[in-house]
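Residue-level structure breakdown
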Amino acid sequence: MVTDPISDLLVRLRNGFRRQHEVVTVPASKLKREVLRVLQAEGYIHGVETADEDGHPVLKVQLRYVGEGQPMITGMERISKPGRRVYVGIKDIPRVRNGIGMAILSTSKGLMTDQASRKAGLGGEVLCSIW
């Protein structure tokens, strides 16, 4: 059993990029699907497919590379953890790598990037940062 599904997702993506896999399989959940939707909308991954393996739903993530095997995502960090939740107001939303990266926030209007959250005027829980 996984106690932190978002951290598990980030580790699986990181391992897939390091081994230069084309597709990474992740156990499915609504939160993971939304995080992957945001990553796809921002161009960090190619796509996500839903499938079944051994009777359990999984998400097949198509990783994106630039150049010759250079991964699109060079770093990921889990900010809010089960033992220490991190909530921010609109004025305290972090800027990742001076705007080069992005933070994913869980707001009252759903998951969104740090830029979209600032534009909407919403704060929330900072799930992770990606660059």
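My aim in this report is to walk through the structure given alongside it, one point at a time. (Residues numbered from 1 in each chain as written. Predicted model: local features only at pLDDT ≥ 70, side-chain atom pairs only at ≥ 80, totals over all residues. Heavy atoms only, no water.)

**Side note on the sheet that holds strand β3 (residues 56-63)**
As summarised here, the arrangement of the 3 strands in space is β1-β3-β2, forming an open sheet in which the pairing is antiparallel. In this open sheet, the two edge strands, each paired with only one partner strand, are β1 (23-27) and β2 (45-53). Averaged over all pairs of adjacent strands, the angle between strand axes in this sheet comes to 25 degrees, irrespective of strand direction. When β2 meets β3, the two strands line up antiparallel, connected through 8 bridges. Note on β3: the bridge partner recorded for E49 is K60. Sheet contacts for helix α2 (residues 30-41): β1, β2 and β3; angle to β2, the most-contacted strand, approximately 155 degrees. (Pairing = 2+ DSSP bridges. Helix = DSSP H or I, 4+ residues; strand = E, 2+ residues; numbered from the N terminus. Axes fitted to C-alpha atoms, helices over the stretch in contact; angles between N-to-C directions. Contact = heavy atoms within 4.5 Å.)

**Section: the packing of aromatic side chains**
The description of an aromatic ring pair rests on the distance of the ring centres and on the angle between the ring planes. Enumeration according to the criterion identifies 1 aromatic pair in this entry. An angle of 80 degrees between the planes, with centres 5.5 Å apart, marks the rings of F17 and Y65 as edge-to-face. Note that F17 is positioned in helix α1 (residues 5-18) and Y65 in strand β4 (residues 65-66), a separation of 48 residues in sequence. Pair check on accessibility: F17 and Y65 agree, each one buried. (Phe/Tyr/Trp six-rings, centres within 6.5 Å; stacked < 30°, edge-to-face > 60°. Buried < 20%, exposed > 50% of the residue type's maximum accessible area, 1.4 Å probe, protein only.)

**What to know about unusual backbone geometry**
Of note in this structure, D54 is not a glycine but carries a positive phi near 55 degrees. The class for D54 is exposed, based on a relative accessible area of 77%. Even without a glycine there, the phi angle at N98 is positive, about 60 degrees. Positionally, N98 belongs in the loop between β7 (87-88) and β8 (102-107).

**Thoughts on the pattern of salt bridges**
What the rule picks out here adds up to 6 salt bridges. The closest approach of N and O atoms between E34 and R37, which form a salt bridge, is 2.8 Å. Here R37 and E34 lie together in helix α2, a separation of 3 residues that amounts to about one turn. For R118, the salt bridge is made with D114, and the minimal N-O distance between the two is 3.9 Å. In this pair, R118 and D114 both sit in helix α3 (residues 114-120), 4 residues apart, roughly one turn of the helix. Taking relative accessible area as the criterion, R118 reaches 27% and is therefore assigned partly exposed. Taking relative accessible area as the criterion, D114 reaches 5% and is therefore assigned buried. (Salt bridge = Lys/Arg side-chain N within 4 Å of Asp/Glu carboxyl O.)

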